[in-house]
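One-letter residues, chain by chain:
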Amino acid sequence: NNVDTFQDTFNTSVAAFLEWGLFDVARRYIDDYFTNSVRDDGSIDTRGPEIGQYGKMLAVVAKYYAYTHDEKLLRKHQEKLQAIVSLFLTLRKQSKEVPSSDITYGIIRGWSEHDSSLKIDPYRFMQPHFSNNSEAARGFHDLGEVWVEMGRKLRDARLEKEGHDALLESAEMKKDMESAIDRSIDHTQQPPYVPAVAGDTPTYGKERAY
């Protein structure tokens, strides 16, 4: 069922269960989702995965660990979590194929909306959204801290290094995003206009890049 694999449902549900103290429900939801809906390469068995929601997935799983310190569950799905990290790293590499002077340099391209997959020529919606990049940076930061803590606790040097690498990449994502935001602000408008997509300067009544 497409609704069952909807990333937004997973993220909001797990976050709510955690805040309500329903840790066992959150554990079972995470376990089921990563077992049955997340593929080995980190992709989601759903029609239109949202790039930003991948970042939120990392963040909510990290929140689960922060509340429960359940190493067993994260160990079980460690490879799939790292596969999502690798997916982001691939997108980051692609985002740097433009000249460093390009406003969109380093900003991850991707869908920000599940239903973009149903549009005509859906790949035109694979845009450098600031929201996708910020969610990725948050996910890398939060999961990175978890991997470092677990790596030290379990004496797993590889896991600890993956955590440090994620934290460094998060900082680099933020750096590129802050630069792109500064260069994308339209100061001719009052108040100054900050677009949703790096470098986008839409005019009222015309179609936006996103």
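Structure first, text after, so check above.
Just so you know, these numbers come straight off a predicted model, no measurement behind them.

Let us look at the pattern of salt bridges. Considering all chains together, one arrives at 13 salt bridges under this definition. The partner of Arg92 in a salt bridge is Glu169, and the shortest N-O contact between them spans 2.7 Å. Note that Arg92 is positioned in helix H5 (residues 78-95) and Glu169 in helix H7 (residues 157-184), a separation of 77 residues in sequence. As far as the burial class goes, Arg92 and Glu169 line up, both buried.

A few words now on the environment of Asp32. The topology assignment puts Asp32 in helix H2 (residues 23-36). Residue classification places Asp32 among the partly exposed residues on the basis of a relative accessible area of 44%.

For Arg92, a relative accessible area of 2% puts it in the buried group. If sequence neighbours within four positions are ignored, Arg92 has contacts with Gly106, Ile108, Glu169, Glu172, Met173 and Asp176.

According to the stated counting rule, one finds nine aromatic pairs in the structure shown. Relative to Tyr33, the ring of Phe10 has its centre 4.4 Å away and its plane inclined at 20°; by these criteria the two rings are stacked. Of this pair, Phe10 sits in helix H1 (residues 7-19) while Tyr33 is found in helix H2, placing the two residues 23 residues apart along the sequence. Taking the relative accessible area as the measure of exposure, Phe10 reaches 0% and is therefore buried. Taking the relative accessible area as the measure of exposure, Tyr33 reaches 1% and is therefore buried. Taken together, the ring pairs connect Phe10, Phe17, Trp20, Tyr29, Tyr33 and Phe34 into an aromatic cluster.

Before going further, it helps to spend a moment on the side chain of Gln53. Turning to its location among the elements, Gln53 is positioned in helix H3 (residues 51-68). A distance of 2.6 Å separates the side chain of Gln53 from the side chain of Asn11, its partner in a polar contact. Contacts of Gln53, omitting those with residues within four sequence positions, involve Gln7, Asp8 and Asn11.

Its place among the elements puts Gln127 in the loop between H5 and helix H6 (130-153). Along the primary structure Gln127 and Asp200 are separated by 73 residues, whereas in three dimensions their C-alpha atoms are 9.9 Å apart.

Each value, and the rule that gives it
- Residues numbered from 1 in each chain as written.
- Predicted model: local features only at pLDDT ≥ 70, side-chain atom pairs only at ≥ 80, totals over all residues.
- Heavy atoms only, no water.
- Salt bridge = Lys/Arg side-chain N within 4 Å of Asp/Glu carboxyl O.
- Helix = DSSP H or I, 4+ residues; strand = E, 2+ residues; numbered from the N terminus.
- Buried < 20%, exposed > 50% of the residue type's maximum accessible area, 1.4 Å probe, protein only.
- Contact = heavy atoms within 4.5 Å.
- Phe/Tyr/Trp six-rings, centres within 6.5 Å; stacked < 30°, edge-to-face > 60°.
- Polar contact = N/O pair within 3.5 Å; in protein donor to acceptor, adjacent residues only side chain to side chain.

Don't take any of this as a statement about function, it's just geometry.
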